[in-house]
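Here is how the chains run, residue by residue.
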Amino acid sequence: MTYPDDPSPSLPAGQEALFAMAAAEYDRYRPGVPAEAAQLLADTVRNLPDPTLLDLGTGTGQVPRALLKALPTLAYIEGVDWSRPMLDQARATLTPLLGDCTLSLVQTSADVYAPLAPRPSPLAPLPGEDRWTPDLITCCRAYHWMSGPDVLAMAHRIAAPQATLAIMGDGSLWTYEADWTWALRDLIQRYLGPRRRAGVLGDYPEPVRPFQEDLADSAWSEVTEHRVPVTRSWTPEGVLGYLRTTSFAGAELFGERHAAFEDEARALLNELAASGSLLEEAVFTVLLARRPGGSR
């Protein structure tokens, strides 16, 4: 599975601006995690007492938000992201949903994350432990921004023996193939050039190999793939809001021409919507990975 899509970021220092100005719109306009996918995640830890979640590249907290609904017994969430505005938005979004669940947010890149602090009460470390050990580690629409092998090695070092690791994603409106997205992409390219942009970082670096190959070469080599069909009906304003959150069509890329682009894009999308709906028939793919011999 390779996702050339736009995630919540987990980026090295100096690159936080890629999504920092879009946190509130990201929370409003980005599609969330499908309920069926959240159920798959919940089922991996449902029989555990006080299950815990580590979400890498958490962005505005879409994975925790979906899992809190699917798994009321979730006891502890730790979200990791490089962007402070994203984490601030995640806290604002998740706090009203937590109930008895405890939330911690850590500003760092996923490949260097280390859970050095003990679990919060009542999730105290077991005798001899000096840190908490996540039961479920997730990475949604973010893995391709990370140093994948380093992230998988880190996850192996810190995870509970029975832990599951999930890598998830579903592409973007740049990669989705339909008449209306082709027309929209052509318009973006007229303003920004033919190559897909990666925000202030330059051109988008395509993943060099499928995620399954990274997993096969790691400790997380026992993998099952689940494909969840998703139908989305977009409005013109929803598409424009979504574009402002992306690395390929964020406002900062257009400079003074952004208002002109949005006017032209709005007219195009209204015309396309008038002749039919702006439908996206996506597939949300979930890779559930475990370590061979790990307890269930």
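Report follows, based on the coordinates.

**What to know about the overall build of the protein**
Working step 1: The number of helices and strands found in the protein is 11 helices and seven strands.
Working step 2: For the protein, buried positions account for 56% of its 296 residues.
Working step 3: Once local pairs closer than 6 in sequence are excluded, the contacts in the protein between residues at least 24 apart make up 81%.
Working step 4: Carbon and sulfur atoms make up 53% of the accessible area of the protein, which totals about 12500 Å².

**Description of the packing of aromatic side chains**
Working step 1: Scanning all chains against the criterion turns up seven aromatic pairs.
Working step 2: An angle of 55° between the planes, with centres 5.3 Å apart, marks the rings of tryptophan 174 and phenylalanine 248 as tilted. Taken together, the residues tryptophan 174 in the loop between strand E5 (164–169) and helix H7 (179–192) and phenylalanine 248 in the loop between helix H9 (236–244) and helix H10 (251–254) connect sequence positions 74 residues apart. Each member of the pair, tryptophan 174 as well as phenylalanine 248, is classed as buried.
Working step 3: Centre to centre, the rings of tyrosine 191 and phenylalanine 254 are 5.9 Å apart; their planes meet at 65°, and the pair counts as edge-to-face. Taken together, the residues tyrosine 191 in helix H7 and phenylalanine 254 in helix H10 connect sequence positions 63 residues apart. The exposure classification of tyrosine 191 matches that of phenylalanine 254, with both residues buried.
Working step 4: Above the plane of the ring of tryptophan 174 lies arginine 185, whose end atom (NZ or CZ) is 6.0 Å from the centre.

**Some details on the pattern of salt bridges**
Working step 1: In total, this model carries 13 salt bridges according to the counting rule given.
Working step 2: Measuring nitrogen to oxygen at the nearest pair gives 3.2 Å for the salt bridge that ties arginine 232 to glutamate 280. In this pair, arginine 232 sits in strand E6 (residues 222–234) while glutamate 280 sits in strand E7 (residues 278–290), placing the two residues 48 residues apart along the sequence. Grouping residues by exposure puts arginine 232 and glutamate 280 together as buried.
Working step 3: Across the salt bridge formed by arginine 266 and aspartate 263, the nearest N and O atoms sit 3.5 Å from each other. You can see arginine 266 and its partner aspartate 263 sitting in helix H11 (residues 258–274), three residues apart, about one turn around the helix.
Working step 4: What makes arginine 266 partly exposed here is its relative accessible area of 25%.
Working step 5: Overlapping salt bridges bring together Arg141, Asp170, Arg232 and Glu280 as one network.

**Let's talk about H7**
Working step 1: Taking 1.5 Å per residue as the helical rise, H7 with its 14 residues ought to reach 20 Å, and the 20 Å between its terminal C-alpha atoms agrees with that figure.
Working step 2: Check the buried side of H7 and you find it contacts E6, H9, H10, H11 and E7.

**Some details on the side chain of threonine 164**
Working step 1: Considering the arrangement of structural elements, one finds threonine 164 in strand E5.
Working step 2: Excluding residues that lie within four positions of it along the chain, threonine 164 makes contacts with Thr44, Asp135, Leu136, Ile137, Trp220, Leu288, Ala289 and Arg290.

**Some details on the sheet that holds E7**
Working step 1: Taken in spatial order, the seven strands make up an open sheet running E3-E2-E1-E4-E5-E7-E6, and their pairing is mixed. Each of the sheet's edge strands pairs with one partner strand only, and the pair in question is strand E3 (102–107) and E6. This sheet shows a mean twist of 15° between the axes of neighbouring strands, independent of strand direction.
Working step 2: Bridging between strand E1 (residues 52–56) and strand E4 (residues 136–140) involves four bridges; their strand directions are parallel.

**A word on the nonpolar core**
Working step 1: Counting residues in each nonpolar core, the largest one holds 32 residues, and the members touching the most others are Leu41, Leu67, Leu74, Ile77, Met168 and Phe284.
Working step 2: Looking at this core, the elements with two or more residues in it are helix H3 (35–45), helix H4 (62–70), helix H5 (84–94), E3, E4, E5, E6 and E7.
Working step 3: Take this core: its biggest share by element is six residues, from H3.
Working step 4: Those residues in contact with leucine 74 that sit more than four places away from it in its chain are Pro51, Thr52, Leu53, Leu67, Leu68 and Cys101.

**Re unusual backbone geometry**
Working step 1: A positive phi angle, close to 50°, is found at aspartate 50, a residue other than glycine.
Working step 2: Here aspartate 50 is to be found in the loop between H3 and E1.
Working step 3: With a phi angle near 55°, arginine 141 is a residue other than glycine that sits in the positive phi range.
Working step 4: Note on placement: arginine 141 falls in the loop between E4 and helix H6 (148–158).

About the cut-offs
Residues numbered from 1 in each chain as written. Predicted model: local features only at pLDDT ≥ 70, side-chain atom pairs only at ≥ 80, totals over all residues. Heavy atoms only, no water. Helix = DSSP H or I, 4+ residues; strand = E, 2+ residues; numbered from the N terminus. Buried < 20%, exposed > 50% of the residue type's maximum accessible area, 1.4 Å probe, protein only. Contact = heavy atoms within 4.5 Å. Areas by Shrake-Rupley, 256 points an atom, 1.4 Å probe, with all protein chains shown as cover. Phe/Tyr/Trp six-rings, centres within 6.5 Å; stacked < 30°, edge-to-face > 60°. Lys NZ or Arg CZ within 6 Å of the ring centre and 35° of its normal. Salt bridge = Lys/Arg side-chain N within 4 Å of Asp/Glu carboxyl O. Expected span 1.5 Å × (residues − 1). Pairing = 2+ DSSP bridges. Axes fitted to C-alpha atoms, helices over the stretch in contact; angles between N-to-C directions. Core = buried A, V, L, I, M, F, W, Y, C linked by side-chain atoms within 4.5 Å.

Taken by themselves, the reported measurements are silent on function.
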